[in-house]
Structure formats: C-alpha cells, structure tokens
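Geometric and topological summary
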Amino acid sequence: MTTPQPSPDSVQLTADGQLRHFLTLDGLSRELLTDILDTADSFIEVGERAIKKVPLLRGRTVVNLFFESSTRTRSTFELAAKRLSADVLNLDISTSATSKGESLSDTLLNLEAMASDMFVVRHAQSGAPHFIAASVTPGVAIINAGDGRHAHPTQAMLDMLTIRQHKGRFEGLKVAIVGDILHSRVARSQICALNTLGVEEVRVIAPGTLLPSDAEHLGCTVEYDMEKGMRDLDVVIMLRLQKERMQGALLPSEQEFYRLYGLDRSKLALAKPDCIVMHPGPINRGVEIESAVADGPRSVILNQVTNGIAVRMAVMSMAMGGQVTERVSRLGEGQP
Amino acid sequence: MTTPQPSPDSVQLTADGQLRHFLTLDGLSRELLTDILDTADSFIEVGERAIKKVPLLRGRTVVNLFFESSTRTRSTFELAAKRLSADVLNLDISTSATSKGESLSDTLLNLEAMASDMFVVRHAQSGAPHFIAASVTPGVAIINAGDGRHAHPTQAMLDMLTIRQHKGRFEGLKVAIVGDILHSRVARSQICALNTLGVEEVRVIAPGTLLPSDAEHLGCTVEYDMEKGMRDLDVVIMLRLQKERMQGALLPSEQEFYRLYGLDRSKLALAKPDCIVMHPGPINRGVEIESAVADGPRSVILNQVTNGIAVRMAVMSMAMGGQVTERVSRLGEGQP
Amino acid sequence: MTTPQPSPDSVQLTADGQLRHFLTLDGLSRELLTDILDTADSFIEVGERAIKKVPLLRGRTVVNLFFESSTRTRSTFELAAKRLSADVLNLDISTSATSKGESLSDTLLNLEAMASDMFVVRHAQSGAPHFIAASVTPGVAIINAGDGRHAHPTQAMLDMLTIRQHKGRFEGLKVAIVGDILHSRVARSQICALNTLGVEEVRVIAPGTLLPSDAEHLGCTVEYDMEKGMRDLDVVIMLRLQKERMQGALLPSEQEFYRLYGLDRSKLALAKPDCIVMHPGPINRGVEIESAVADGPRSVILNQVTNGIAVRMAVMSMAMGGQVTERVSRLGEGQP
C-alpha cells in the first residue's frame, strides 16, 4: 500500500478553498479562476494611474527564486511585487548558495527563516514548486513562474484575462493553440484553463512530432493541418518555437515550419473576421508569425503583457491573503 | 524628395517647449538649460537631508536599460530614481531577452506594455535613444545615459552645474577640454552646453590624432600644445583616456601622453590662479592627471559626482512632467 | 618614533562611546555588546509582523560593497536595510568600476559623493573595512560583512543573540567551537564576543592542522579530541569546512574529518542534555554535521538565520545613529 500524494489543489488551497499557493490550474474551480480574473481586472486600473501602487503587500518580503534564468518573467513578477509595495529580493540560484554544496531544501529553509513571505519559483524540473509548497516551506506562499514542461499558470491566466477582455465571455468560443505543444509548459496550463472556463472547443494545431503522445486525452481536439484548423476560430494562440529544444531534428527547417504552421495573413483570413491573435512572447518574427500579423489590428500581444502584471498582482495578493487566513486558523487550533 | 527627419528638439520637447525626453543638448535653449540647472540646485539640498527622498516619481516605474554595461552611470541613475521615490528595474539587456532572438523594438514595446514610465538608455550606437523616442515608445520618457560617440547629456549638465556653483556665471569664462576629444561622447555634449550657456571661449586641447576631423566646426578653438592652451583658463576639463579604444596606435605611449597632455601641477600653474579642475571619472591617475592635482584644492571632481545625482533627478522629474503634459494635451484633442 | 595606529575601537566609536562603524568586536565593552543584543531583540518582533518595516533608515542610502561574492550574506544585509526602510544599492565590485583601473579609494570616494550613508563591506583582505573607516570615508558608516580571516562580527553577534535566547544568560556557560578554526573569520569574532560577554569557558576543538599557531593566546582552551571536548557543553558551534581552502592536504579526507570531528548523535550525547547546536551555514551535511542533528530538536540553526536579520538591523541603525551624533558634534565645534 502506498501513501496517497496530496492532490495539488489540496496543497494550494486553504481549508475553505482560498488560494494560498499558486502552483497549477489543475483542480481549480471555475469560480476561483473567475475570482482571479476579476481581481486582476481591478489591478488593470492601478497600472493606468500615475501612482501605480497599492499597499496590499507592504512590508512583505517576496523572493524571486529563479533556478532557470528568465529576465522577462522575472521582471514582470518584480514589477507586480513592487506595485503591491512588497520588498523584493532577486536570487539567481544557479550562481549562488547551492553552488557551495547546500541542498535546495536548506537554501529555502534559510530564506524562510529570514522571514520571507513569498517565493516566486522558476525551475527546469516539473513539480519543483509543488514539492516546495507541500514539503519544504508550506508557510511561505509559493508562486509557480514556470516548471519544466509542466505548467506556467500565470501565463495561462493572463491569456484568459486577455480573451475575456476582448470577447466578453468564454462560452461558445473556439480557441486554437498552434505550434510546439510538446515542449510547452504554457500550452498545458492554457488547455486546462480554457476547459475549466467553459469554452466550446480547444483545438491544438501542430505536426505530430510536436504533440505529446497523450494529446487526445488533454481535453482538446487535434488538427495537423493548420489551414483546416483555422476555420471558425475566435482566438488563435501561437506558441514560441523553443529553438533550443529542437535540436533533435523534429522539424525539417524553420522555413518549412513557417510555411506549414506560421501565422501569416492568408492563414489568419481563414478564421472568423474578429479572431484575435495571441503569443506569449518573445516573438520569433517570420518563424511562428508574420510581422504584419503580430503588429496588425487583430493582435493583442501587447495587451497580454499589460495583463501579465495585473494577473501576477492578483495571484500574489490572493495567495498572501490565503496564507494569513491559514495562520490565523492554525492559531485558533493552538498549532504553531 | 526625402521625408525630413524630425529634429531632436522637436522629439524631446512638448508643443509648449517642455522637456519630455532628454536625448541631446543640441537645440535646447539657454533658458531650458538654466531651468535644468535651477531644478538640480533644488535637489542638491535633498542630498544633504537625513531623508533624501522627494515623492515626485512615486509609483512611477523607471527601467535602466543598459545595452552597454556601466556600473557607475547606472548607479547614479538608480540612486536618482530612488530618491525621487520611483520603482526601479535594472535590465542588463546584453544578457537578457534579446539573446533569445527578440528584436530591440519588441523588447521595448514589451517593457512599455508593463506600464513603464521612463527608460534610461545606454547604448553603444549613436542615435539609439533618439530612435527609441521618435519611433518606438514616444509615450515613455527616454533619458540618454550615453550613446556611442554622440552624446552624454547628463554628464555635460552636471559639469555645467559644477561650473556655475564655483564661478557663479558662464559669461566671460574660458573653458578648455583636454584629451581624447575624438572618442568622447561627453566632449561633444560639453561643447554644445558651454556655447549655449554663453561662455567666452571653449578650447579643445588634444593631439591631432585624438581630434575629430570637423573639430573647427564644433564651436571651439583648437590647441595642440597644452602649455599654450592652459593660458587664461577659468576651467579645465580633463577627459578620460579610453584605453580600450586606443589600440590603433594613435599615441606612442601612456607616458608620452601624460608628458604632453597630462594635467600636472606645473601645467595647472599656467592657468588662472582660481582655475578649477574637472574630470568625468573614473580617473586614470598618472595618465591624464597627477594625483596631487586630482586631490588638490582646485579639484572639483567629487563635487561633480554629487551634482550628477542632482542633475539626473532634475531631468528625470522634468521629462516625467513633460510626458504628463503631453498625455493631458492628447486627451484634450481626443487622441489616444 | 612611529605614529601610533588608531585602535579599532577608537575608529568605530564616537567620543561618547556610541557605535559609528561596526568593524570588529575587539575592544567593544560588554555593555555595548549587550546593547546590540537588546536592540536586536526589539527587531525580532518586527520580523514577525505583517508589515516588517521600521522607518529608522528611511531616505538613507546603503551600499552593499561586496569585493568577495556572497549571495547569502548580501541577502541578509539587503533585507535588513530594506526593513529599516533604506534605499539599497548592490555593487559587485569585482566586476565593476575597479576593472576600469580606478583605485579602491576613488571608487569609495565617488560613492560617498553620491551621498551614501553606509557601506556594507565584504573583502577578502583582512583589515579592509577598518582601513576604509579610518582613512577613506570616515563619514560613511562602515559595516564589516567579513574581511579575510580577520572578523565577521555580525555573524558572531547573531550567535550571541541565539545563545542568550536559549540559555537566558552567558555566565557559567561552557561553549565549544568545532572545526576549521584556522581559516574561520567567524571563530575569531565568536571567541572575542563569548569572552567579553562572560561565559565560563570557550573551548576550541580541532585537529592541530586547523588551529592557528597562537590558539592558546586567543582566550580559549584547546582540545584535539572531540569526544573529550564535548563533555559538559551548554553550546556547541560547528564551523563550515571551507573545502575551497583545504587543498593543501591538511586533512586525509572528508570522511575521516567527519568520523573525528563531525557532530553526530553519539558525540552530541556526550554534551549536557540541553546543549544547543549551532552552525553559521551553509551546512555540509555528512561532513561537519549529521542531518539528524542539524534537523533535530537541539538545533537552533534556523533561529540563527532569523536572528541574523535582527542583529544586522541593530548594528546598522546604531552605527547610523552614531554617525549622526558625530556630525552634530563636529558642527558644534565648527568643523566641516
């Protein structure tokens, strides 16, 4: 008999269903996702003010723990934390204490002992943020900023916010995700969020070599031919081609990929006339997407970036709130 | 027929003549330069307080975008921004997103979409900050922190502030700039500022190999012999010898350069008795300047550093004010 | 006849005995050390608040000057400064201005001219912080964050705070320091602090090859056999094995060291039943200490980390206060 692993949602939620970590979208309810989107909406307005600050995390310490370097993602979390008035410590762990032979757990326990309130974790290994939240420092709010191929839940939620802003709803939408599904942590999170929020159809469009073997079970339809796949779309989400992960000759060439799966004006013309175009960035122009489309009237790529700050502010403030609730309830039970 | 390029001053000024970017001193009026110096003067006092902060940029996001590394210059802008109460994001762009194949424009548009208010830009290529302000992110205040050989306008303005502090005026002054004029972005900005502010004479002193071919047209007199050039000076500004740019054997040796163009006590004795000595730093002692002079009673080198913070606070707060004016006026015209 | 060097305590204290730098524990009185511990105690409570900030250094500029990289130590000082509401500038000096040929003094004088209030200095060379405080920038509060083999006084003081928290007193305690005494800057500071605070016995336990030649004169008893050395101990402080400094074959092997001087449960059983276990971190599990001991009920290793922030807040705020006193008194005497 094996001990059952705690399910992710039991780790990331308090007893009364509030967020206390943000690890994955798996198992989160439509109500909670909608709550995140509503909270993010309220922060959009903060970004438009002259004084772009709210005091929700004032005096709190947020540590950006990037075991895998990503200036772009780290910057968005750093700005989100600062606009919540937190103190921010950036640690590039690949070059610090762990190189002195200290274990990951010891590094984290040390940071917790410095009275850190939140770790934003980016890690090349799937499940690392979940492991930290479940087994190392459950009293520190853990925010997953991307783990291996597993999840990138804040990216998926900013995409959902962008869709809701432009379409006003999820019901009845047909949404396609195009490109390197196999290596994409964001695709997995997007498929989960879109299904939870109740779109009509999630479609993945990719060559067979860039699809996971279990694609059919992910809750989406699969289309190998992009021209067929574009039909009736309300939203098309292009993925970044992870060039660094493509050295195993999964594709003949970038040119060939662009011809078959790159989003140009002619392919976009096959979708609905008001189909919006999304991309998580950074864009490889002429590889996944034509410049005229990336910069065109249907592109909402820069809106996604703006929404990224708001969504990160939302999950950070909600998880901090959940941690406080949890501590209060433990105190009520006489636990430390 | 070619489209006329917008002149720098039309890019960096609002319709009513306020600063909204700070790219170059070319085309700025004596009134505006004086306004910058007066504003900087008021910030000098802030640096002397126990609480060295004013709330002028509170809640604003300032991004230090250094495409060319310079810890010293970056630190002064970082401190200036923090003393204006801004949130600061430091990005060393050479090691970040652009290395993933993203274009410069895309990086900047992304940062703008994160609701950045100001970019402090250092770039090895002349004109990069101007290009960004004119064509990429005009709604973000761009501050030039040094571009190629073109300009380093905050350095020139801190020099002007230092001269005014010690001489009380510009009229009637004879000012020399000594050394590697050819490779110096700061010399070009200094000559422009000194002429605009109305000194009697700007003199450059250098060997022919370290002078630009158009030296005579820069608005200065040229002197190859330093001993002659020191006569009647009120101010002598030594330039740093850019050793890394000198590999083409433009000079026989550092020793030879020091003998001919290094500022020692005997050469300084040829200037007016109250001539002040300036240097942008970092100093190469015994190459451009004798230690006894750098540390002597006529040196105002450390005053320049102190003034650097005040001048940067001044242009940052003025450009932010100009951006706000511009936005308000666009709103009044019903533009986005 | 030679000029007498100022003693460290005359450098780091004001005329009326207040701290104005924090360089070493040598020469500091029991009253002053107790004052630091009492102040730190008051900051422990700050770390437990939701809003972990006090305004003591608000508007002050603290520069972390690390000539020797240490992410862990730098992070604790950065957090301490931010919780005191200071503005913090992190400079990794090994990679910055000094590489352009600028002298250490010029770098420091420049930073002082930027209106810096405090330098936190880590340097591989013994005496560097003292030299800076005595001869370069006496008007900037210098905090020693570790210099060569000489001292690491904030680490020693956090250890004292941890002992006082758990034992309630220093009188009558027997405290051992175990391991690489020879290469440890922290051991030297600990021995000094323990003696000043009046413990009954300071014992060092190490092989002869890891003891300084003057061990007998350091104010401690020496024991080569750990099993004997553990007897009657109230506190055992393990040192980190500096692997990088051990290449001269001072020890047969890590395994051999662990067998003889590693703290495992059986050796710990020889001490008093309530003996606490300390370690400055990062821990080499299985080299200096058994995991079961490091994570066991007598370990106070993570308390040390928490106390480290409080102690750093204490010495930073006290030194800042001493600098202000000094300036006021100089003004009273009509000095600049």
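The structure displayed is predicted, hence computed values, not measured ones. (Residues numbered from 1 in each chain as written. Chains lettered and ligands numbered in written order. Predicted model: local features only at pLDDT ≥ 70, side-chain atom pairs only at ≥ 80, totals over all residues.)

Observations regarding the overall build of chain A
Heads up, the condition is: To qualify as a helix, a DSSP run of H or I must reach at least 4 residues; to qualify as a strand, a run of E must reach at least 2; elements of each kind are numbered from the N terminus. For a compact globule the rule gives 2.2 Å times the number of residues to the power 0.38, and the radius of gyration it is set against comes from C-alpha atoms. Any residue whose C-beta has 12 or fewer other C-beta atoms within 10 Å is treated as exposed, any with 20 or more as buried, and any in between as partly exposed, C-beta atoms being built from the backbone. Think of it this way: build a C-beta for each residue from its backbone, and any pair within 7 Å is a contact.
Helix and strand content of chain A: 12 helices and nine strands. Its C-alpha atoms give chain A a radius of gyration of 20 Å, within 12% of the compact-globule value 20 Å for 336 residues. Residues counted as buried form 51% of the 336 residues belonging to chain A. Looking at chain A alone, contacts between residues at least 24 apart form 76% of all its contacts between residues at least 6 apart.

Here we look at the nonpolar core
Note the threshold: As used throughout, a nonpolar core is a set of buried Ala, Val, Leu, Ile, Met, Phe, Trp, Tyr and Cys residues joined through C-beta atoms within 7 Å of each other.
A:Val178, B:Val178 and C:Val178 are the most contacted members of the largest nonpolar core, which has 313 residues in total. In contact with B:Val178, not counting residues within four places along its chain, are B:Ile205, B:Ala206, B:Met226, B:Val236, B:Ile237, B:Met238, B:Leu239, B:Tyr261 and B:Leu263.

A few points about the relation of the copies chain C and chain A
What counts, and what does not: The superposition of copies rests on a least-squares fit of C-alpha positions from residues with pLDDT of 70 or more in both.
Superposing chain C onto chain A requires a rotation of 120° together with a translation of 0.0 Å along the rotation axis, leaving an RMSD of 0.0 Å. The relationship between the two copies is best expressed as a three-fold rotation axis.

Digging into the interface of chain B and chain A
Where we set the bar: Under the scheme applied here, ten amino acids are nonpolar (Ala, Val, Leu, Ile, Met, Phe, Trp, Tyr, Cys and Pro), four are charged (Asp, Glu, Lys and Arg), and all others, including Gly, are polar.
On the side of chain A, 22 residues touch chain B, which itself brings 18 residues to the contact. Contributions of two or more residues to the side of chain B that touches chain A are made by strand E2 (87-92) and helix H4 (104-113) of chain B. Along the lines of polarity and charge, the residues of the side of chain B that touches chain A split into seven nonpolar, six polar and five charged.

Digging into the pairing of strand E3 (residues 118-123) of chain A
Residue and element names in this part refer to chain A. Note the threshold: Should DSSP find at least two bridges between two strands, the strands are taken to pair. By convention a crossover is right-handed if, when the strands point away from the viewer, the path from the first strand over the helix to the second runs clockwise.
Within E3, six of the six residues are buried, leaving the element largely enclosed by the surrounding structure. Of the two faces of E3, the one lined by Met-118, Val-120 and Arg-122 and the one lined by Phe-119, Val-121 and His-123 are each fully buried. One ladder, built from five bridges, connects strand E1 (residues 61-66) with E3; its direction is parallel. By the bridge assignment for E3, Leu-65 is matched with Val-121. For E3 and strand E4 (residues 141-147), the ladder comprises five bridges, and the chain directions are parallel. Bridging from a neighbouring strand, Val-120 pairs with Ile-143 of E4. Read from E3 through helix H5 (residues 128-136) to E4, the crossover connection turns out right-handed.

Some details on the interface of chain C and chain A
On the chain A side, the residues contacting the 21 residues of chain C number 17 residues. If you list the elements that add at least two residues to the side of chain C that touches chain A, you get helix H3 (71-83) and helix H12 (301-332) of chain C. Considering each element in turn, the side of chain C that touches chain A owes the most residues, seven residues, to H3(C). A breakdown of the residues in the side of chain C that touches chain A according to their chemical character gives eight nonpolar, seven polar and six charged.

Focus: the packing of helix H6 (residues 153-167) of chain B against helix H7 (residues 185-197) of chain B
In helix packing, the relevant descriptors are the interaxial angle and the interaxial distance, both defined with respect to the helix axes. Residue and element names in this part refer to chain B. Spelled out, the test is: Where helices are involved, their axes are fitted lines through C-alpha atoms of the stretch in contact, as for all axes, and angles between N-to-C directions lie from 0 to 180°. In this scheme, roughly parallel covers angles under 35 degrees and roughly antiparallel covers those over 145, while 65 to 115 is roughly perpendicular and the rest are oblique. Each crossing gets its hand from how the near helix is turned against the far one by less than a right angle, where anticlockwise is left-handed and clockwise is right-handed.
Running from N to C, H6 and H7 cross one another at 45°; their axes reach a closest spacing of 8 Å. When the interaxial angle is binned, H6 and H7 end up oblique. The two elements H6 and H7 meet at a crossing, and its hand is right-handed. Contacts between H6 and H7 involve Pro-153, Gln-155, Ala-156, Met-157, Asp-159 and Met-160 from the first element and Val-186, Ser-189, Gln-190, Ala-193 and Leu-197 from the second. Of the residues in the contact of H6 with H7, the class split is seven nonpolar, three polar and one charged.

Let's talk about helix H2 (residues 30-48) of chain A
Residue and element names in this part refer to chain A. Using the following cut-off: In this analysis, the expected span of each helix is defined as 1.5 Å times one less than the number of residues it contains. This arc corresponds to the set of directions leading from the helix axis out to the C-beta atoms.
Counted at 1.5 Å a residue, the expected span for H2 with its 19 residues is 27 Å, and the 28 Å between its end C-alpha atoms agrees. Of the positions making up H2, those classed as buried are Leu-33, Ile-36, Leu-37, Ala-40 and Phe-43. With its buried residues spanning 125° around the axis, H2 presents them on a single face. H2 presents Glu-31, Asp-38 and Glu-45 as exposed residues on the side facing more than 90 degrees away from its buried surface. Buried residues belonging to H2 abut helix H6 (153-167), helix H7 (185-197) and helix H12 (301-332).

Structural notes on the domain arrangement of chain A
Residues and elements named next belong to chain A. Rules: Residue ranges assigned to the domains are those given by an automatic or database domain assignment.
One can read the domain layout of chain A as domain 1 (8-149 + 306-324) and domain 2 (153-301). Between domain 1 and domain 2, the C-alpha centre-to-centre distance is 26 Å. Residue-level contacts link 23 residues of domain 1 with 18 residues of domain 2. Of all the secondary-structure elements, those providing two or more residues to the side of domain 1 that touches domain 2 are H2, E4 and H12. At six residues, H12 tops the list of elements feeding residues into the side of domain 1 that touches domain 2.

Quick notes on the sheet that holds strand E5 (residues 174-178) of chain C
All names here are of chain C. The five strands are arranged E7-E6-E5-E8-E9 in an open sheet whose pairing can be described as parallel. The sheet is open, and its two borders are formed by strand E7 (221-223) and strand E9 (276-278), each paired with just one other strand. If you compare each strand with its neighbour and ignore which way they point, the axes differ by 20° on average. Looking at chain direction, strand E6 (residues 201-205) and E7 are connected through three bridges and run parallel. Bridge assignment links Ile-205 to a residue of E7, and that residue is Glu-223.

Focus: helix H6 (residues 153-167) of chain C
Every α-helix winds through 3.6 residues per turn, so residues three or four apart in the chain are directed the same way. Residue and element names in this part refer to chain C. The end-to-end C-alpha distance of H6 is 21 Å, a good match for the 21 Å that 15 residues give at a rise of 1.5 Å each. Of all 15 residues in H6, 11 are buried; the element is thus mostly enclosed. For H6, the complete set of buried residues consists of Pro-153, Thr-154, Gln-155, Ala-156, Met-157, Leu-158, Asp-159, Met-160, Leu-161, Thr-162 and Ile-163. At its buried positions, H6 is contacted by helix H2 (30-48), strand E4 (141-147), helix H7 (185-197), strand E8 (235-238), E9 and H12. Remark: Gly-168 follows H6 within two positions and exhibits a positive phi of approximately 75°.

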